[in-house]
Amino acid sequence: MLRRPVETGQYTPIKLTTRLLKAGIEASMGTVGDSYDNALAENFWSVLKTECVRRTTFATRTDADLTLFAYIDGWYNTRRIQKRLDWLSPDEYEAKYYADQATAEAVVVKLSTPALTR
């Protein structure tokens, strides 16, 4: 029996799931029909390929590894703006958080210090 290419197939076959479990690997796939079925991972790989890999030729596997590490750890995880962080990068968000904490502590100290009288 032939199946048309537009029909969806089983994405998480039993053999794959069994093999992952035997290897001690937890599948990162969501369940069928929910909104979590790899959308975040697919988005990450798409961005990675577009911004870092496409139109690039690596001389060695080590060059590719170093480039990917520099992109992920040096740019994607630290400086790329994110909607969930109010359109700030993780570095900017963290700096703002600690600045807000210092300001709040200064206000508490000022309010708890008794006024000096003459």
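Residues numbered from 1 in each chain as written. Predicted model: local features only at pLDDT ≥ 70, side-chain atom pairs only at ≥ 80, totals over all residues. Heavy atoms only, no water.

Novice: Describe in detail the overall build of the protein, supporting the description with residues and values.
Specialist: Looking only at helices and strands, one finds four helices and zero strands in the protein. When the helices and strands of the protein are listed from N to C terminus, the series reads α-α-α-α. The buried share of the protein, taken over its 118 residues, is 11%. Counting contacts in the protein only where the partners sit at least 6 residues apart, residues at least 24 apart contribute 18% of the total. Summing over all exposed atoms, the protein offers an accessible surface of approximately 10900 Å²; the carbon and sulfur share of this is 58%. (Helix = DSSP H or I, 4+ residues; strand = E, 2+ residues; numbered from the N terminus. Buried < 20%, exposed > 50% of the residue type's maximum accessible area, 1.4 Å probe, protein only. Contact = heavy atoms within 4.5 Å. Areas by Shrake-Rupley, 256 points an atom, 1.4 Å probe, with all protein chains shown as cover.)

Novice: Please give an account of helix H3 (residues 61–76) that cites residues and values.
Specialist: Buried within H3 we find Ala-64, Tyr-71 and Tyr-76. For H3, the angular spread of the buried residues around the axis is 40 degrees, confining them to a single face. Exposed side of H3, more than 90 degrees from the buried face: Leu-66 and Phe-69 are the residues found there. Along its buried surface, H3 packs onto helix H2 (39–53). (Arc of directions from axis to C-beta.)

Novice: Break down the confidence of the model for the protein for me, citing the residues and quoting the values.
Specialist: In the predicted model, the protein carries a mean pLDDT of 79, and the fraction of residues at 70 or more is 75%. H3 holds the highest mean pLDDT among the elements of the protein, 91, whereas helix H1 (residues 14–22) holds the lowest, 81. (pLDDT = per-residue confidence, 0-100.)

Novice: Explain the nonpolar core residue by residue, including any values.
Specialist: Counting six residues, the largest nonpolar core is built from Phe-44, Val-47, Leu-48, Cys-52, Tyr-71 and Tyr-76. Ranked by residue count, the leading element in this core is H2, at four residues. (Core = buried A, V, L, I, M, F, W, Y, C linked by side-chain atoms within 4.5 Å.)

Novice: So what's going on with the pattern of salt bridges? Residues and values would help.
Specialist: Scanning all chains against the criterion turns up three salt bridges. Ionic pairing is found between Arg-80 and Glu-51, a salt bridge with its closest N-O pair at 2.8 Å. Of this pair, Arg-80 sits in the loop between H3 and helix H4 (90–112) while Glu-51 sits in helix H2, placing them 29 residues apart in sequence. When its relative accessible area of 42% is taken as the criterion, Glu-51 is described as partly exposed. The residue Arg-61 makes a salt bridge to Asp-65 at a minimum N-O spacing of 3.4 Å. Pair noted here: Arg-61 and Asp-65 are both in helix H3, with a separation of four residues, about one helical turn. A relative accessible area of 40% means that Asp-65 is categorised as partly exposed. (Salt bridge = Lys/Arg side-chain N within 4 Å of Asp/Glu carboxyl O.)

Novice: For the packing of aromatic side chains, give the residues involved together with the corresponding values.
Specialist: Applying the stated criterion across every chain, the model contains four aromatic pairs. Taking the centre distance of 5.3 Å and the plane angle of 65 degrees together, the rings of Phe-44 and Trp-45 count as edge-to-face. When the ring of Tyr-97 is compared with that of Tyr-98, the centres are 5.2 Å apart and the planes differ by 75 degrees; the resulting orientation is edge-to-face. (Phe/Tyr/Trp six-rings, centres within 6.5 Å; stacked < 30°, edge-to-face > 60°.)

Novice: Mind laying out the packing of H2 against H3, listing which residues take part and the relevant values?
Specialist: Packed helices, taken two at a time, are described by their axes: the angle between them and the distance between them. Taken N-terminus to C-terminus, the directions of H2 and H3 make an angle of 110 degrees; their axes are 11 Å apart at the nearest point. Taken together, the axes of H2 and H3 lie roughly perpendicular to each other. When the axes of H2 and H3 are compared, the crossing they make is right-handed. The residues of H3 that touch H2, namely those facing Phe-44, Val-47, Leu-48, Glu-51, Cys-52 and Val-53, are Thr-67, Leu-68, Tyr-71, Ile-72, Trp-75 and Tyr-76. Among the residues forming the contact of H2 with H3, the class breakdown is ten nonpolar, one polar and one charged. (Axes fitted to C-alpha atoms, helices over the stretch in contact; angles between N-to-C directions. Parallel < 35°, antiparallel > 145°, perpendicular 65-115°, else oblique. Left-handed = near helix turned anticlockwise from the far one by under 90°. Nonpolar A, V, L, I, M, F, W, Y, C, P; charged D, E, K, R; others polar.)

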